[in-house]
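Architecture and fold: a report
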Amino acid sequence: MNNSYLPYFLCLVFFCVGLYGVLRKRNIIKIIIGLVICEYAANLFLVLVGYKMGGRSPLYSPDQSILDMVDPLPQALVLTSIVIGLATTALVVGIAIRIYEKYGTFDITKISKLKG
Amino acid sequence: MVIIPFFTILPLSGAFIIYLVGRHSKFFTDIFANITTFVLFLLSLFILFFKPFEPLLYKVGGWLPPWGITLVIDGLTRFMLITVNFIAWTITLFSVNYMEKFTSKYKFYTLFLFMLAGMNGLLISGDIFNVFVFLEIASVASYALVAYGVEAEELEASFKYLVMSSFASLCILLGIALLYSYTSTLNIADMGVVLWEKGIVPVVIFSAVLFFLGVGLKSAIVPFHAWLPDAHPSAPAPISATLSGVLIKTLGVYLLLRIFYNLLGVNQIFLDILMFLGVLSIMVGVILAITQMDIKRLLAYHSISQIGYIILGIGLGTPLGVLGGLFHLFNHSVFKSLLFLNSGAIEYTIGTRDLSKMGGLRKNMPLTGWTSLIASLSISGIPPFNGFFSKLLIIIACMEKGYIGYAIWAIIGSILTLSSFMKVQKFAFLGKLNSLYKEVKEVPIFMRTAMVILAIICILSGGMLIPYLNNYFLLPAQKVILGGLDYKNINQSINNEK
């Protein structure tokens, strides 16, 4: 494999780790951690898309050429995406706490009042 | 067009003001929320009749399209804006009385307006990352609203919904990242231009798969439907009506149309997959619905089934099929909202959702009974009501294109729908009145008003197919979808005008 593809590949592995957590774990908290890992993998991928090997920070001044900058747009997007992720995580942790109050357990197999 | 951003500004600022003032004055909350949604509905009507046939563009901060954020209004957006804001208005009207039994009503209105802001923003946005942001605003508000009752079942449903739906959002985000890496732009129309010039390569197909996974989960097409029958019934009735009526269509079907038809382009393989999944949704949804005894759960399964009709119609790709799909989208949001509001009215008066414990309610609640009958006949496709016309269009379009098998399945699905709604009528409204409910009265005035408005639309909206009327509402939306990749010229056409 070409060395420059390695970060993307590792990012995919990272995503799959999170997916494994969501699909296979029985503890609600571990599912949430899996979800958060997935989210970070997506954000990391978005940053990687705009990254340039050996690029410099995207600050413009008249004496510099704009050839070797990294792409600043994904960084702005990732900031937004992280904030959204924070909101989701805060909400899901809040729901998990309430679930623990109601059911007295974090085990997803014992939380089954619904049929679907 | 300076009016366009108000579709998000109004509900966002409304939510903010209601949260500040709401805890002190309940009266103010009701009035203010209703005024906000009603003004939004009027705005969407105004947008429909103001220069009805040309796209409108708003440049945020004055930046020109390929670089800045744009808000775009075209035929499809106008159609969806009317649907969303009309349903939202009737639902706030219904909530005035219904939400009395919950504590802290102002939080409900705040979250509801956030969800509305998210949906409206998603519809008007012409920038793909903004689409993602608004999608998440609407989704996060809807997770909180599903858990609004904070009982055990509601929390469980909300958790399930949240995990699956966040995963869908992540898929959409990854798809956006991949598309951005290929096209180096975020403006949807500009992205279309770049894709047109550079051609479709495997990375675009991979992002298309991610997008399909995302919107499939959001719109609950059959292999991705597991969260819907839990999440939709668990919410309070007005929220069930919003989720089933407009949220799955805005976040799911609209996004599917915009991304696949207008941006990436469709081919026959994709359409075949869509049609197959549509028919599968029709059958699986309706078969699972028949055996349910919980009225809201039954309605939720029917949402899957009716989304199947929409997907089938759109997936045909012929003018008639697309028209039928879009018309069914509007009709379904009207009658499914009405049915959920009916179930809410029943729950409000007798406090149960179990069909076997009801009976004879039409005697004491005539208005709920009759509106529910109208909605039931509409959803099952009985002639004078709107559901008949849209289903007929879809079935004729199937025949026209030679998919006789799919047409037959659609008819069978419709018959099964009729049978399951006859069951609802029989158990809930006909038969002997349970002696426990002798004292039951009709629901309060605002709930009645909301139900009557929706029932009237159910009866009248079949008339939208009349040649002159459909010029404004249905045909422009159909034109956008059939135009397909022509969407990429939208920036161009407006820049030239000036």
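Residues numbered from 1 in each chain as written. Chains lettered and ligands numbered in written order. Predicted model: local features only at pLDDT ≥ 70, side-chain atom pairs only at ≥ 80, totals over all residues. Heavy atoms only, no water.

**Re the interface of chain A and chain B**
On the chain B side, the residues contacting the 36 residues of chain A number 35 residues. With both chains or domains summed, chain A and chain B bury close to 3,200 Å², and 81% of this area falls on carbon and sulfur atoms. Applying the counting rule to chain A against chain B returns 0 salt bridges. Our count for the contact surface shared by chain A and chain B stands at 4 residue pairs in polar contact (both at pLDDT 80 or more). Contributing elements (two or more residues each) for the side of chain A that touches chain B: helix H1 (6-24), helix H2 (28-50) and helix H3 (73-103) of chain A. Sorting elements by how many residues they give to the side of chain A that touches chain B places H3(A) first, with 14 residues. Looking at the side of chain A that touches chain B residue by residue, the classes come out as 24 nonpolar, 6 polar and 6 charged. (Contact = heavy atoms within 4.5 Å. Buried area = accessible area lost by both parts, 1.4 Å probe. Salt bridge = Lys/Arg side-chain N within 4 Å of Asp/Glu carboxyl O. Polar contact = N/O pair within 3.5 Å; in protein donor to acceptor, adjacent residues only side chain to side chain. Helix = DSSP H or I, 4+ residues; strand = E, 2+ residues; numbered from the N terminus. Nonpolar A, V, L, I, M, F, W, Y, C, P; charged D, E, K, R; others polar.)

**A few points about the packing of helix H6 (residues 152-183) of chain B against helix H8 (residues 202-219) of chain B**
Residues and elements named next belong to chain B. Where H6 meets H8, the closest approach of the two axes is 8 Å, and the angle between their N-to-C directions is 155°. The orientation of H6 relative to H8 falls into the category roughly antiparallel. Every pair of crossing elements has a handedness; the one defined by H6 and H8 is left-handed. Class assignment of the residues belonging to the contact of H6 with H8 gives a composition of 18 nonpolar, 5 polar and 1 charged. (Axes fitted to C-alpha atoms, helices over the stretch in contact; angles between N-to-C directions. Parallel < 35°, antiparallel > 145°, perpendicular 65-115°, else oblique. Left-handed = near helix turned anticlockwise from the far one by under 90°.)

**Focus on unusual backbone geometry**
Residues and elements named next belong to chain B. With a phi close to 45°, serine 104 is a non-glycine residue in the positive phi region. Mapping serine 104 onto the fold places it in the loop between helix H3 (75-98) and helix H4 (105-124). On the basis of relative accessible area, serine 104 is assigned to the partly exposed category, the value being 30%. (Buried < 20%, exposed > 50% of the residue type's maximum accessible area, 1.4 Å probe, protein only.)

**Side note on the pattern of salt bridges**
Note on pairing: side chains with opposite charge can pair once their charged atoms come close. What the rule picks out here adds up to 10 salt bridges over all chains. Of the charged contacts, one joins Lys110(A) and Asp107(A) as a salt bridge, the two residues approaching to 3.7 Å between their closest N and O atoms. Measuring nitrogen to oxygen at the nearest pair gives 2.8 Å for the salt bridge that ties Glu100(B) to Lys105(B). Classification of Glu100(B) as partly exposed rests on a relative accessible area of 37%. On the basis of relative accessibility, which here comes to 4%, the residue Lys105(B) falls in the buried class. Taken together, the shared-partner salt bridges in this structure form one network comprising Lys26(B), Asp30(B), Glu100(B) and Lys105(B).

**Comments concerning the packing of aromatic side chains**
All names here are of chain B. Across all of its chains, the model carries 29 aromatic pairs over all chains by this definition. Aromatic side chains phenylalanine 388 and phenylalanine 389 sit 5.3 Å apart centroid to centroid with 70° between the ring planes, which places their arrangement in the edge-to-face category. The exposure class of phenylalanine 388 is partly exposed, given its relative accessible area of 22%. Accessibility expressed as a relative area gives 27% for phenylalanine 389, which makes it partly exposed. One aromatic cluster is present, built from ring pairs that chain together Phe102, Phe108, Tyr109, Phe112 and Tyr148. When the ring centre of tryptophan 370 is taken as reference, the NZ or CZ atom of arginine 362 above it lies at 4.7 Å. (Phe/Tyr/Trp six-rings, centres within 6.5 Å; stacked < 30°, edge-to-face > 60°. Lys NZ or Arg CZ within 6 Å of the ring centre and 35° of its normal.)

**Let's talk about helix H10 (residues 237-264) of chain B**
All names here are of chain B. A bend of about 45° at lysine 249 is the largest found in H10. With respect to burial, H10 is a largely interior element, 28 of its 28 residues being buried. Looking at the residues trailing H10, positive phi occurs at glycine 265, about 90°. (Bend = angle between axes of the 7 residues up to and from the residue.)

**Let's talk about the nonpolar core**
Residue and element names in this part refer to chain B. Core analysis: the largest hydrophobic core is formed by 203 residues, its most contacted members being Phe79, Met119, Phe159, Phe211, Phe260, Leu264 and Leu326. Among the elements that take part in this core, H6 stands out by supplying 20 residues, more than any other. Other than its neighbours up to four places away in sequence, phenylalanine 260 contacts Ala208, Phe211, Phe212, Val215, Leu255, Gly265, Val266 and Phe270. With 14 residues, the next largest nonpolar core counts Met275, Met283, Ala397 and Cys398 among its residues. (Core = buried A, V, L, I, M, F, W, Y, C linked by side-chain atoms within 4.5 Å.)

**A short note on the pairing of strand E2 (residues 70-73) of chain B**
All names here are of chain B. Here E2 shows a buried face lined by Thr70 and Val72 and a second buried face lined by Leu71 and Ile73. As defined by bridge partners, strand E1 (residues 56-59) adjoins E2 across 4 bridges and the pair is classed as antiparallel. Paired with tyrosine 58 across the bridge in E2 is leucine 71. (Pairing = 2+ DSSP bridges.)

**Here we look at the environment of Tyr148(B)**
Residues and elements named next belong to chain B. You can see tyrosine 148 is positioned in the loop between helix H5 (128-146) and H6. Under the relative-accessibility criterion, tyrosine 148 is labelled buried at 14%. On a C-alpha basis, the gap between tyrosine 148 and proline 236 in space is 7.3 Å, while along the polypeptide they are 88 residues apart. Apart from residues lying up to four places away in sequence, tyrosine 148 is in contact with Met99, Phe102, Thr103, Ser104, Lys105, Lys107, Phe108 and Pro236.

**Looking at a nonpolar patch on the surface**
Residue and element names in this part refer to chain A. Taken together, Leu6, Phe9, Leu10, Leu12, Val13 and Val17 make up a surface patch of nonpolar side chains, about 500 Å² in accessible area. In this fold, valine 17 is placed in helix H1. The class of valine 17 is partly exposed, set by a relative accessible area of 44%. (Patch = residues over 30% accessible without salt bridge, like charges linked within 9 Å, V, L, I, M, F, W, Y side chains within 5 Å. Areas by Shrake-Rupley, 256 points an atom, 1.4 Å probe, with all protein chains shown as cover.)

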